[in-house]
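What follows is each chain in one-letter form.
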Amino acid sequence: MHILITGGAGFIGSHVVRHFLNHYPSYTISNLDSLTYAGNLANLSDVEERQNYRFVKGDITDGDFLMRLFEEHQFDGVIHLAAESHVDRSIVNPTAFVVTNVMGTVNLLNAAKASWQSDYEGKKFYHISTDEVYGSLGSGGLFTEETPYDPHSPYSASKASSDHFVRAWHDTFGLPVVISNCSNNYGSFQFPEKLIPLFINNILHNKPLPVYGKGENIRDWLWVVDHAQAIDLIYHQGKTGETYNIGGHNEWSNIDLIRLLCRIMDTKLSRAAGESEKLVTYVTDRAGHDLRYAIDSSKLQRELGWVPSITFEKGLELTVEWYLSNGEWLNNVTSGSYQHYYEKMYGVR
Ligand code: NAD
Ligand code: DAU
């Protein structure tokens, strides 16, 4: 079994690569990543020496390169995570999201189709997507697999578009695809532009915590290790042509989450209670900010027996401990070009 994992040097991808190497030593895992600002091979330093692991530096926007790669290797499966993934960046530079998330996905579909030449026995193309394609919920209800698509940001529109292309290659060409749409992930190795690692880093350095709007937006948080386990189940047991929603049944308003994070940080840094929360600074809201995401993952639980393994309080504490004991990783990724992004985005250093 030879699986191509795209975006394996990123946050979720690195956990998926590690999960497959640890659980399936007989598989060959190729990690294709162009190493954008979000890709970091240090995320995989504990597994990079494995005999059955290969890193390929390459760009999914280069269709000819992908055709050659698929000619060279007979991949049995693709798990596609490579993407531009940060909503705020998609507001600043939407085109990059169309190029990578839409064109890159179409290039991969073309390469898999050409390589497998309609002999789809034992093959699988697994596309990793997001709950953001479903739009925004009011105070009630959950996203199910039947919820109509209603994306609002350039990021979610590009992911929705890529999902449609994946389904089109299934319906038109018979490509054996499966899609999952997951809620917000948290855990180790997440780039500190996303809420949780950004705020851990800012608290550590006594910098303001920029809360968008009133902090009332709600997200459904899932530990990244549980997402990797769900991806394993769906890759091996998910039905071709189907979609599975993945989520932690774990809704938090941003401000409640931030207060919990501040309390954990105060304890871990031996600061006085309430010290970190003083850094909370309300800033202009994100344009087109979706109010609430919440996932109904009962199909995945019922059909494939998946359940999240950890409470949010425990997972968040483990996550904080990881960032605090991996200061070198954090310093490396927050230096250089990231500083320029931060200055541009928030107007402060
Ligand atoms: P990330 O930004 O941390 O990692 C993305 C990876 O893709 C990086 O390693 C980057 O170098 C690589 N990449 C980007 N453009 C590429 C290109 N043109 N060619 C090859 N590689 C390229 O993202 P993440 O948070 O790990 O998300 C991974 C996937 O999961 C994405 O498809 C995202 O939409 C989806 N997702 C993320 C979340 C979340 O909470 N982070 C939730 C649901 C779904
Ligand atoms: O729902 C799944 C999605 O979750 C994934 O598809 C995306 O790839 C991933 O980035 C994430 O998107 P969000 O926009 O929800 O995540 P982010 O961490 O950027 O923001 C979480 C919430 O916190 C959101 O309501 C915006 C808010 N926020 C974020 C940042 C970075 C702030 O209030 N301040 C900030 O500085």
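Residue numbers run consecutively from 1 along every chain, following the written order of its sequence. Chains and ligands are labelled sequentially in the order written, the chains with letters from A and the ligands with numbers from 1. pLDDT decides what is reported in this predicted model: residues at 70 or higher carry local features, side-chain atom pairs at 80 or more are listed and counted, and totals for whole chains, interfaces and linings draw on all residues regardless. Heavy atoms from the whole structure form the basis of all side-chain values; hydrogens and water molecules are not counted.

Enquirer: Tell me about the overall build of the protein chain, and name the residues and values.
Expert: Working definition: helices are DSSP H or I runs of at least four residues, strands are E runs of at least two. Numbering for both runs from the N terminus. Helix and strand counts for the protein chain stand at 12 helices and 12 strands. Expected size for 349 residues packed as a compact globule is a radius of gyration near 20 Å; at 20 Å, the protein chain falls within 12% of this value. Each principal axis of the C-alpha atoms in the protein chain carries an extent, and together these give about 65 × 45 × 40 Å. The long-range share in the protein chain, meaning contacts at least 24 apart out of those at least 6 apart in sequence, stands at 82%. What sets the accessible areas is the Shrake-Rupley method with a 1.4 Å probe; for residues, cover comes only from the shown protein chains. Approximately 14,300 Å² of the protein chain is accessible, and the part contributed by carbon and sulfur atoms is 50%. For the protein chain, the separation between the mean place of its 28 positive charges and that of its 41 negative charges on side chains is 3 Å. Every radius of gyration here is taken over C-alpha atoms, with the globule rule written as 2.2 Å times N^0.38, N being the number of residues. The contact criterion used is simple: two residues touch if any of their non-hydrogen atoms lie within 4.5 Å. Neither His nor the chain ends contribute to the count of charged residues, in which Lys and Arg are positive and Asp and Glu negative. In plain terms, the charge of a residue is placed at NZ if it is Lys, CZ if Arg, CG if Asp and CD if Glu.

Enquirer: With reference to specific residues and values, describe the environment of E48.
Expert: Along the chain, E48 falls in the loop between β2 (28–33) and β3 (53–57). Accessible area is worked out with a 1.4 Å probe on protein chains only. A residue is then buried under 20% of its type maximum, exposed over 50%, and partly exposed in between. Residue class for E48 comes out partly exposed when judged on its relative accessible area of 39%. Through-space distance from the C-alpha of E48 to that of E277 is 39 Å; in sequence the pair is 229 residues apart. Residues within four places of E48 in sequence aside, it is in contact with L41 and Y53.

Enquirer: So what's going on with the site of ligand 1? Which residues, and what values?
Expert: Surrounding ligand 1, one finds 30 residues, the nearest of these being D33, D59, S85, Y155 and K159. Between N or O atoms, a polar contact is any pair within 3.5 Å; within protein, one atom must be a potential hydrogen donor and the other a potential acceptor, and residues adjacent in sequence are included only when both atoms are from side chains. Separating an oxygen atom of ligand 1 from a backbone N or O atom of G10 is a distance of 2.9 Å. In the model, an oxygen atom of ligand 1 is placed 2.6 Å from a nitrogen or oxygen of the Y155 side chain. Protein contacts shield 96% of the accessible area of ligand 1, which totals 830 Å² for the unbound molecule. If one sorts the elements of the shell around ligand 1 by residue count, strand β5 (residues 124–130) sits on top with three residues. Whether a residue is near a molecule or strand depends on its heavy atoms: if one lies within 4 Å, it is near.

Enquirer: Go over the pairing of strand β4 (residues 77–80), please, and point to the residues and values.
Expert: Alternating positions in β4 separate into two faces, G77 and I79 on one and V78 and H80 on the other, with burial throughout. Strands are labelled as partners when DSSP assigns at least two bridges between them. In terms of strand pairing, strand β1 (residues 2–6) meets β4 through four bridges, oriented parallel. When the bridges of β4 are listed, I5 appears paired with I79. Pairing analysis gives four bridges linking β4 to β5, with the strands arranged parallel.

Enquirer: Report on the site of ligand 2, specifying residues and quantitative values.
Expert: Among the 26 residues in the neighbourhood of ligand 2, the closest are listed as T130, D131, Y155, R286 and Y346. Within the contact set of ligand 2, an oxygen atom lies 2.7 Å away from a backbone nitrogen or oxygen of S85. N184 has a polar side-chain atom sitting 2.8 Å from an oxygen atom of ligand 2. The protein chains hide 95% of the 690 Å² of surface that ligand 2 would expose on its own. Sorting the residues of the shell around ligand 2 by element identifies α3 (87–92), α6 (195–204) and β8 (209–212) as the ones contributing at least two each. Of the residues in the shell around ligand 2, the class split is 11 nonpolar, eight polar and seven charged. Each residue is assigned to one class: nonpolar for Ala, Val, Leu, Ile, Met, Phe, Trp, Tyr, Cys and Pro, charged for Asp, Glu, Lys and Arg, and polar for all the others, Gly among them.

Enquirer: Break down the packing of α6 against helix α8 (residues 254–268) for me, with residues and values.
Expert: Geometry is summarised by axes, namely lines fitted to C-alpha atoms with helices restricted to the contacting stretch, and by angles between N-to-C directions that run from 0 to 180 degrees. Running from amino to carboxyl end, α6 crosses α8 at an angle of 45°, the nearest separation of the two axes being 11 Å. Considering their axes alone, α6 and α8 lie oblique with respect to each other. When the axes of α6 and α8 are compared, the crossing they make is right-handed. Judged by residue contacts, L195, I196, F199, I200, I203 and L204 of α6 engage N254, L257, I258, L261, C262 and M265 from α8. Per-class residue counts for the contact of α6 with α8 are 11 nonpolar, one polar and no charged. Should an angle lie under 35 degrees it is considered roughly parallel, over 145 roughly antiparallel, and from 65 to 115 roughly perpendicular; all remaining angles are considered oblique. For a crossing to be left-handed, the near helix must be turned anticlockwise from the far one by less than a right angle; the clockwise case is right-handed.

Enquirer: An account of the nonpolar core is needed here, citing residue identities and associated values.
Expert: We define the nonpolar core as a collection of buried residues of types Ala, Val, Leu, Ile, Met, Phe, Trp, Tyr and Cys that are connected through side-chain atoms lying within 4.5 Å of one another. Counting residues in each nonpolar core, the largest one holds 34 residues, and the members touching the most others are I196, L209, L261 and F312. At the level of secondary structure, the elements contributing two or more residues to this core comprise α6, β8, β9 (218–223), α8, α10 (312–325), α11 (327–334) and α12 (337–346). With eight residues, the top contributor of residues to this core is α8. When neighbours within four sequence positions are excluded, L209 is seen to be in contact with F199, N202, I203, I258, C262, S276, L279, V280 and T281. I29, L222, I246 and L304 belong to the second-largest nonpolar core, a separate cluster that totals 29 residues.

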